[in-house]
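# Remarks on the overall topology
Chain by chain, the residues:
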Amino acid sequence: MPLSTSHSSPRQARLLAFFGGTFDPIHYGHLKPVTSLAEQAGLDQVILLPNNVPPHRPQPEASSLQRLHMVELAVEGNPLFTVDSRELDVDTPSYTLETLATLRKEHGDDCPLAFIIGQDSLLTLHKWHRWESLLDFCHLVVMARPGYQEQLDTPVLQNWYETHRVTDAEKLKQKPAGFIYQANTPLLDISATEIRERRHAGLDCSDLLPSAVERYIESQGLYRE
Ligand code: ATP
């Protein structure tokens, strides 16, 4: 690991936050809560990680390349975001846990890493491959999402959540992994499903996603037939 070249205090840990998603397409329900989260948790970088979808699940309508382009267009010129296409660079779906293990190796044992998810993903997290090990590699940061309950499905899951939960975002920089932080982010009732459905119905989506993404969708004829 190279030593930090930052001119700020050398002991100030940097928290790298990764935000995975299918992004079919990326929308304001992703971008606005994450931007607010970055302010409240003092994140200076959020890395968007578009993913492949396992063959047994409904496939994205846009191709990997189109989803990647949409993510890039959505954050172009915004210094908070970078895009990591590693999961799309391979043909097979990657388990989030394995990507996080690779990221942990790349960044070293001491670097605080966070993985951002929405409340709906928290509620189904116990179905993810080796979900109990996620917190060995990163913190989880959860963004509220309208329409999804707060309570987890079983007492065991709820207990796991409460055991790891912290309410002070500063804690995320004090340990490399292991905490769950429930962010107080704005509630946006937007989903990619709704955008695809609106497009199929010939309806306008301009208030749901960045105009550069909307123009790209239009130019590619996406979500129309
Ligand atoms: P789809 O409708 O196709 O299932 P989606 O809108 O849920 O898609 P994804 O790309 O699957 O978008 O989501 C990526 C991540 O962003 C997930 O962790 C999800 O919980 C979170 N997320 C998506 N939309 C919102 C939203 N409106 N508010 C908070 N989190 C969200």
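Refer to the structure above for everything that follows.
Everything in this summary refers to the structure shown in the same document. (Residues numbered from 1 in each chain as written. Predicted model: local features only at pLDDT ≥ 70, side-chain atom pairs only at ≥ 80, totals over all residues. Heavy atoms only, no water.)

Before going further, it helps to spend a moment on the site of the ligand. Residues in contact with the ligand amount to 21 residues; listed here are only the nearest, His27, Asp120, Leu188, Ala192 and Thr193. Within the contact set of the ligand, an oxygen atom lies 3.0 Å away from a backbone nitrogen or oxygen of glycine 118. One of the side-chain N or O atoms of serine 121 is found 2.9 Å from an oxygen atom in the ligand. When the ligand is considered free in solution it has 610 Å² of accessible area, and contact with the protein chains removes 86% of it. At the level of secondary structure, the elements contributing two or more residues to the shell around the ligand comprise strand E1 (16-21), helix H1 (28-41), strand E4 (113-118), helix H4 (119-123) and helix H7 (192-200). Broken down by class, the residue content of the shell around the ligand amounts to 8 nonpolar, 10 polar and 3 charged. (Near = heavy atom within 4 Å. Polar contact = N/O pair within 3.5 Å; in protein donor to acceptor, adjacent residues only side chain to side chain. Areas by Shrake-Rupley, 256 points an atom, 1.4 Å probe, with all protein chains shown as cover. Helix = DSSP H or I, 4+ residues; strand = E, 2+ residues; numbered from the N terminus. Nonpolar A, V, L, I, M, F, W, Y, C, P; charged D, E, K, R; others polar.)

By secondary structure assignment, the location of glutamate 194 is in helix H7. Residue class for glutamate 194 comes out partly exposed when judged on its relative accessible area of 26%. Linking glutamate 194 and serine 36, residues 158 residues apart in sequence, is a C-alpha distance of 22 Å. Residues within four places of glutamate 194 in sequence aside, it is in contact with Asp189 and Leu208. (Buried < 20%, exposed > 50% of the residue type's maximum accessible area, 1.4 Å probe, protein only. Contact = heavy atoms within 4.5 Å.)

Of all hydrophobic cores here, the largest spans 41 residues; its most connected members are Ile26, Met70 and Ile116. Listing elements by their share of this core, those giving two or more residues are E1, H1, strand E2 (46-50), helix H2 (64-75), E4, strand E5 (139-143), strand E7 (180-183) and helix H8 (211-220). With 5 residues, the single largest contributor to this core is H1. When sequence neighbours within four positions are dropped, the list of residues in contact with isoleucine 116 reads Ala17, Phe18, Phe19, Gly20, Val34, Leu37, Val46, Val141 and Met143. In this structure, Leu16, Leu49, Leu103 and Ile180 belong to the second largest nonpolar core, which totals 26 residues. (Core = buried A, V, L, I, M, F, W, Y, C linked by side-chain atoms within 4.5 Å.)

So, about the packing of aromatic side chains. Tallied over the full model, the rule gives 3 aromatic pairs. Judged by centre distance (5.7 Å) and plane angle (75°), the ring pair of phenylalanine 19 and phenylalanine 23 falls under edge-to-face. Accessibility expressed as a relative area gives 5% for phenylalanine 19, which makes it buried. Here the aromatic rings of phenylalanine 115 and tryptophan 128 are separated by 6.3 Å at their centres, their planes lie at 80°, and the arrangement is edge-to-face. Linking phenylalanine 115 in strand E4 with tryptophan 128 in the loop between H4 and helix H5 (134-137), this pair joins segments that are 13 residues apart in sequence. Taking relative accessible area as the criterion, tryptophan 128 reaches 23% and is therefore assigned partly exposed. (Phe/Tyr/Trp six-rings, centres within 6.5 Å; stacked < 30°, edge-to-face > 60°.)

Right, let's talk about the sheet that holds strand E6 (residues 165-166) for a bit. Strand order in the open sheet formed by 7 strands is E3-E2-E1-E4-E5-E7-E6, and the pairing between neighbours is parallel. Only two strands of the sheet have a single partner each, and these edge strands are strand E3 (81-83) and E6. Taken together, the 4 bridges between E5 and E7 define a ladder with parallel strand orientation. Across the sheet, residue valine 142 finds its bridge partner in E7, namely glutamine 182. (Pairing = 2+ DSSP bridges.)

We now examine H7. Among the residues making up H7, those that are buried are Ala192, Ile195, Arg196 and Arg199. What you see down the axis of H7 is that its buried residues fit within an arc of 95°, all on one side. In the core, the buried residues of H7 are packed alongside H8. (Arc of directions from axis to C-beta.)

The next point concerns the pattern of salt bridges. If you walk through the whole model with that rule in mind, you get 8 salt bridges. In this structure, aspartate 44 and arginine 14 form a salt bridge, with 3.4 Å as the shortest nitrogen-oxygen distance. Placement of the pair is aspartate 44 in the loop between H1 and E2 and arginine 14 in the segment before E1, with a sequence separation of 30 residues. Taken together, the salt bridges that share partners define one network made up of Asp24, Glu61 and Arg196. (Salt bridge = Lys/Arg side-chain N within 4 Å of Asp/Glu carboxyl O.)

With that settled, the discussion passes to the pairing of E1. Buried residues dominate E1, accounting for 5 of its 6 residues. In this sheet, E4 lies alongside E1 in parallel orientation, the contact comprising 4 bridges. Bridge assignment links alanine 17 to a residue of E4, and that residue is alanine 114. Pairing of E1 with E2 involves 5 bridges; the strand directions are parallel. Across the sheet, residue glycine 20 finds its bridge partner in E2, namely leucine 49.

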